[in-house]
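# Architecture and fold: a report
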Amino acid sequence: MPAVQMADPFTLEATDLQIIRALQIDPRVPFATMAAVLGLSEPTVSRRYGRMRRTGVLRVTGVVDPGALGQSQWMVRLRCRPGSGAAIAEALADRDDVGWVALSAAGAEVTCWVRSRSQEEREDLLGHKLPRATAVLDLESSVMLRKFLGGRGHYWAALTGVLTPEQEARLGSAGSPFTESAVVVSRSPHLRDHDEKLLAALAADGRASLVDLASAAGLTPGRASRRLQTLVADRVVHIHVELSPAALGYHARANLWLRVHPSKTKSVGRALAEMPEVGFAAAMSGKDNLHALVRCRDLEELFAFTSDRVGALPGVEAAEVSPIHRQIKQAGTLLSGDRLQEHAKGHRR
């Protein structure tokens, strides 16, 4: 695989892509294990990972799933007065309960995911603050009904084949990486104060050592390890590898709003989940009953993908392609240009 040149002198080499792929398979894999699988030295793996993190290519972070806590998740589209979209998007991105923010329509439309941990927080944002904002002309909100792809459920097309099947197996990869899931589970784990502190530490660094997690949560390393395993098993949190799309050569991103025949929603959602261009896909309430986030190398590739592949899926009755003008926030990370920023403490509600 050829090297990927970024906007500045930093170039992603084949070794960097292998490290990224290994992290997608196991985000907390020890550097020593990764080095042994990749045939590299541990200092080399550690140094190259550190460089990619410092330059905003990647971040490993713990992302809380409100569905596992019995809370719904909402996709919100805001149409704003000309010139006001960026300020609204940045204010939303500063909130802990908003996990993904993008500007479309030349900056006049803001899309975001609201994942409030309580009904009161969600109603305050969607029912009071946003509708009363003078710059907001229109607001549409849809609840997520089923997630076909998201979290750790996808690999980037640019990373296909960078590891051999044997290497992936040694890192723990087995079977399909695509995981379809219900959005809200009936069993809601009770989080204690030390769990909240553990989750906050993971949000700052998903690869934090057990010693550091234990110190942050006021636990012993052994108990911190057990709590982490339980929280992951209960889907309260997943360890997510966030990547800069531009770092891997993807410069055209878009929201797809699909109107699908109800009997074909599952089949279309599952088909999208198998496409490497798709980073997220979910069934939604409303007339556009399926939403997907796609990323392509350029607009020509985006056109071919949406017209030839998505448009040809049985059951797709209409599709709106909304190119992303500027990404403000990804799963839990702010962006500066095309680069991921380090975790910022003290976000507002």
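Read on for an overview of the structure. Only a predicted model underlies this, so the values are computations on that prediction, with no experimental measurement involved. Sequence order as written defines the numbering, with residues in each chain counted from 1. In view of the model being predicted, local features appear only for residues whose pLDDT reaches at least 70, and side-chain atom pairs are presented and counted only at 80 or more, with totals across whole chains, interfaces and linings using the full set of residues. Side-chain calculation: all heavy atoms of the structure are included, whereas hydrogens and water are not.

### Some points on the packing of aromatic side chains
- Classification of ring pairs uses Phe, Tyr and Trp, with its six-membered ring standing for Trp, and accepts pairs whose centres are within 6.5 Å; under 30 degrees between planes counts as stacked, over 60 as edge-to-face, and the remaining range as tilted. The full count for this structure, using the stated rule, is two aromatic pairs.
- Note on Phe 31 and Tyr 49: the rings are 5.4 Å apart at their centroids and 55 degrees apart in plane angle, and the pair reads as tilted. Placement of the pair is Phe 31 in helix H2 (residues 31-38) and Tyr 49 in helix H3 (residues 42-54), with a sequence separation of 18 residues. Neither residue differs from the other here; Phe 31 and Tyr 49 are each classed as buried.
- With a centroid separation of 5.1 Å and 65 degrees between ring planes, the pair formed by Trp 113 and Phe 280 is classed as edge-to-face. One end of the pair, Trp 113, is in strand E6 (residues 109-114); the other, Phe 280, is in strand E11 (residues 278-284), with 167 residues separating them in the sequence.
- For each residue, the accessible area found with a 1.4 Å probe, counting protein chains only, is set against the maximum for its type, and the residue is called buried under 20%, exposed over 50%, and partly exposed in between. Phe 280 sits in the buried class, given a relative accessible area of 13%.
- Directly above the aromatic system of Phe 31 lies the positively charged group of Arg 207, at a separation of 4.4 Å from the ring centroid.
- Counting as a charge over the ring demands two things of the Lys NZ or Arg CZ atom: a distance within 6 Å of the ring centre and an angle within 35 degrees of the ring normal. Positioned over the ring face of Tyr 49 is Arg 207, at 5.5 Å from the centre of the ring. Helix and strand definitions here come from DSSP, where helices need a minimum of 4 consecutive H or I residues and strands a minimum of 2 consecutive E residues; each element is numbered from the N-terminal end.

### A few points about the packing of H2 against H3
- Interaxial angles span 0 to 180 degrees and are taken between N-to-C directions of axes, which are lines fitted to C-alpha atoms, for helices over the stretch in contact. At a minimum axis separation of 8 Å, H2 and H3 run at an interaxial angle of 110 degrees. With respect to H3, the element H2 is oriented roughly perpendicular. Contact residues: H2 offers Phe 31, Ala 32, Met 34 and Ala 35, while H3 offers Glu 42, Val 45, Ser 46 and Tyr 49. By definition in this entry, angles of less than 35 degrees are roughly parallel, angles greater than 145 are roughly antiparallel, angles of 65 to 115 are roughly perpendicular, and the rest are oblique. Note on contacts: a residue pair qualifies if any of its non-hydrogen atoms lie within 4.5 Å across the two residues.

### Side note on the pattern of salt bridges
- The salt bridge definition used is simple: a Lys or Arg side-chain nitrogen within 4 Å of an Asp or Glu carboxyl oxygen. Inspection of every chain in the model, using the stated rule, returns 17 salt bridges.
- We note a salt bridge from Asp 138 to Arg 79, for which the minimum N-O separation is 3.2 Å. Note that Asp 138 is positioned in strand E7 (residues 136-149) and Arg 79 in strand E4 (residues 74-80), a separation of 59 residues in sequence.
- Assessed through its relative accessible area of 28%, Arg 79 is described here as partly exposed.
- Each of Arg 77, Arg 79, Glu 109, Asp 138, Glu 140 and Glu 320 takes part in a single network of salt bridges with overlapping partners.

### Notes on the pairing of E7
- Bridge count for E4 against E7 is seven bridges, and the pairing is antiparallel. Counterpart to Cys 80 in the pairing with E7 is Val 136.
- As defined by bridge partners, E7 adjoins E11 across four bridges and the pair is classed as antiparallel. Bridged to Arg 146 within E11 is Ala 283. Strands pair, by our definition, only if DSSP identifies at least two bridges between them.

### Some details on the side chain of Glu 109
- Tracing the chain through its elements places Glu 109 in strand E6.
- Of the residues examined, Glu 109 reaches a relative accessible area of 6% and is grouped as buried.
- Polar contacts involving the side chain of Glu 109 include one to the side chain of Arg 77, which spans 3.2 Å.
- When residues no more than four places from it in sequence are discounted, the contact partners of Glu 109 are Arg 77, Leu 78, Arg 79, Ala 102, Leu 103, Ser 104 and Ser 322. Whenever a nitrogen or oxygen atom comes within 3.5 Å of another N or O atom, the pair is scored as a polar contact, on the condition that within protein one atom can donate a hydrogen and the other can accept it, and that pairs from neighbouring residues in sequence are kept only if both atoms are in side chains.

### Quick notes on helix H10 (residues 265-273)
- Of all the residues in H10, the buried ones are Thr 265, Val 268, Gly 269, Leu 272 and Ala 273. Along the axis of H10, the buried positions cluster into a sector of 140 degrees, meaning they face one direction only.
- Close packing links the buried residues of H10 with E7, strand E10 (252-260), E11, strand E12 (290-296), helix H11 (299-310) and strand E13 (316-329). It is the directions from the helix axis to the C-beta atoms whose arc is reported.

### Some remarks on unusual backbone geometry
- With a phi close to 50 degrees, Ala 105 is a non-glycine residue in the positive phi region.
- Counting through the fold element by element, Ala 105 comes out in the loop between strand E5 (98-104) and E6.
- When its relative accessible area of 48% is taken as the criterion, Ala 105 is described as partly exposed.
- A positive phi angle is found at Arg 235, which is not glycine, with a value near 65 degrees.

### A closer look at H11
- Residues Leu 302, Phe 305, Thr 306 and Val 310 constitute the buried set of H11. For H11, the arc enclosing every buried residue in end-on projection is 85 degrees, short of the 170-degree limit, so these residues lie on one face. Residues of H11 that are exposed and point more than 90 degrees away from the buried face comprise Glu 300, Phe 303 and Asp 308.
- Close packing links the buried residues of H11 with E10, H10, E11, E12 and E13.

### Describing the environment of Glu 166
- With respect to the element layout, Glu 166 can be found in helix H6 (residues 165-171).
- Each C-alpha atom of the pair Glu 166 and Val 37 lies 9.1 Å from the other, and the pair is 129 residues apart in sequence.

### Here's the deal with the nonpolar core
- Core analysis: the largest hydrophobic core is formed by 50 residues, its most contacted members being Leu 23, Met 34, Leu 243 and Leu 248.
- Every element with two or more residues in this core is listed here: helix H1 (14-25), H2, H3, strand E3 (58-64), helix H7 (193-204), helix H8 (210-217), helix H9 (221-233) and strand E9 (237-243).
- With six residues, the top contributor of residues to this core is H1.
- In contact with Met 34, not counting residues within four places along its chain, are Ile 19, Ala 22, Leu 23, Val 29 and Val 45. Throughout, nonpolar core names a set of buried Ala, Val, Leu, Ile, Met, Phe, Trp, Tyr and Cys residues whose side chains join them through atoms within 4.5 Å.

The quantities given are spatial measurements derived from coordinates; they are silent on function.
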